[in-house]
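# Remarks on the overall topology
So you can see what is in the structure, the chains are spelled out below.
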Amino acid sequence: MKNNNYPTWLVPLDIAQELKEIGFDEPCTFAIDYTQYIEPFLVQHLNKGYNVVFYGEVRMLKYETLDKNLLDKIAIIPTWTDVLAWFRKKNLVGLVSYRYRDKNNKGFSFEILDEDTDVFLYNTYEQAQEALVYKLIEIYKSEQNENLHIRKNQRYRPHRNPQTLCCSSQSNEKIRL
């Protein structure tokens, strides 16, 4: 959905849907109706009959607090800042930077701390930011699957620190990861 009324500081609907699938449920100011695909709307507490929306009238929306009848119709739309902050809480820190090697080899790229990712150059910051979030989603899903596998094997693995020693839950012996 490309719409002139869709602000660039909100993530696109397809990313919002993927974030919902992986458990993103942070308070957000904007939502969108899946069934109508019109521009995002503010969630207001009261409607006083005029067009001004005061901060106190804005309600932060979470899937957890959304009416169950609306779950299939409404997507919560976070800002890019909200999404990157959520991933930082999950120990996935990503950033976009500008790279200049020469006049024919320049552009924006992203990196994720403690992750080996290929470097691609993008023409715009926004393209690199979108690619970063897709990669963060991919890594997060992979880690969730790995954590599920580990739980099935009854073994604890600390999050993203391969040099750490840990103990198997089946014995007290130390294992090097």
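Quick notes on the rules
- Residues numbered from 1 in each chain as written.
- Predicted model: local features only at pLDDT ≥ 70, side-chain atom pairs only at ≥ 80, totals over all residues.
- Heavy atoms only, no water.
- Pairing = 2+ DSSP bridges.
- Helix = DSSP H or I, 4+ residues; strand = E, 2+ residues; numbered from the N terminus.
- Buried < 20%, exposed > 50% of the residue type's maximum accessible area, 1.4 Å probe, protein only.
- Polar contact = N/O pair within 3.5 Å; in protein donor to acceptor, adjacent residues only side chain to side chain.
- Contact = heavy atoms within 4.5 Å.
- Core = buried A, V, L, I, M, F, W, Y, C linked by side-chain atoms within 4.5 Å.
- Phe/Tyr/Trp six-rings, centres within 6.5 Å; stacked < 30°, edge-to-face > 60°.

Below, the discussion takes up the sheet that holds strand 1 (residues 30–33). An order of 2-1-3 is seen for the 3 strands of this open sheet, with the pairing classed as antiparallel. In the strand order of this sheet, the two ends are held by strand 2 (41–42) and strand 3 (74–77), each with one partner. Alignment of strand 1 against strand 2, held across 2 bridges, turns out to be antiparallel. When the sheet's bridge partners are listed, Ala-31 is paired in strand 2 with Phe-41.

So, about the side chain of Ser-109. Among the secondary structure elements, Ser-109 is positioned in strand 5 (residues 105–112). Judged by relative accessible area, Ser-109 falls into the buried class, the value being 0%. Within the local environment of Ser-109, its side chain forms a polar contact with the side chain of Arg-99, the two groups lying 2.4 Å apart. Leaving out residues up to four positions away in the same chain, Ser-109 has contacts with Leu-95, Val-96, Ser-97, Arg-99, Val-119, Phe-120, Leu-121, Tyr-122 and Ala-128.

Let's shift gears to the nonpolar core. Where a protein is soluble and globular, its nonpolar side chains tend to be buried together. If you look at the biggest cluster of nonpolar residues, it comprises 39 residues, and the most contacted ones within it are Leu-19, Ile-77 and Phe-87. Looking at this core, the elements with two or more residues in it are helix 1 (13–21), strand 1, strand 3, helix 2 (80–89), strand 5 and helix 3 (125–152). If you tally residues by element for this core, the top one is helix 3, at 8 residues. Every residue in contact with Ile-77, bar those within four places of it in the chain, is listed here: Tyr-6, Leu-10, Val-11, Leu-13, Ala-16, Cys-28, Phe-30, Ala-31 and Ile-32.

Further remarks concern the packing of aromatic side chains. For the structure shown, the criterion picks out 8 aromatic pairs. Note on Phe-87 and Tyr-140: the rings are 6.3 Å apart at their centroids and 75 degrees apart in plane angle, and the pair reads as edge-to-face. You can see Phe-87 sitting in helix 2 and its partner Tyr-140 sitting in helix 3, a full 53 residues away along the chain. As far as the burial class goes, Phe-87 and Tyr-140 line up, both buried.

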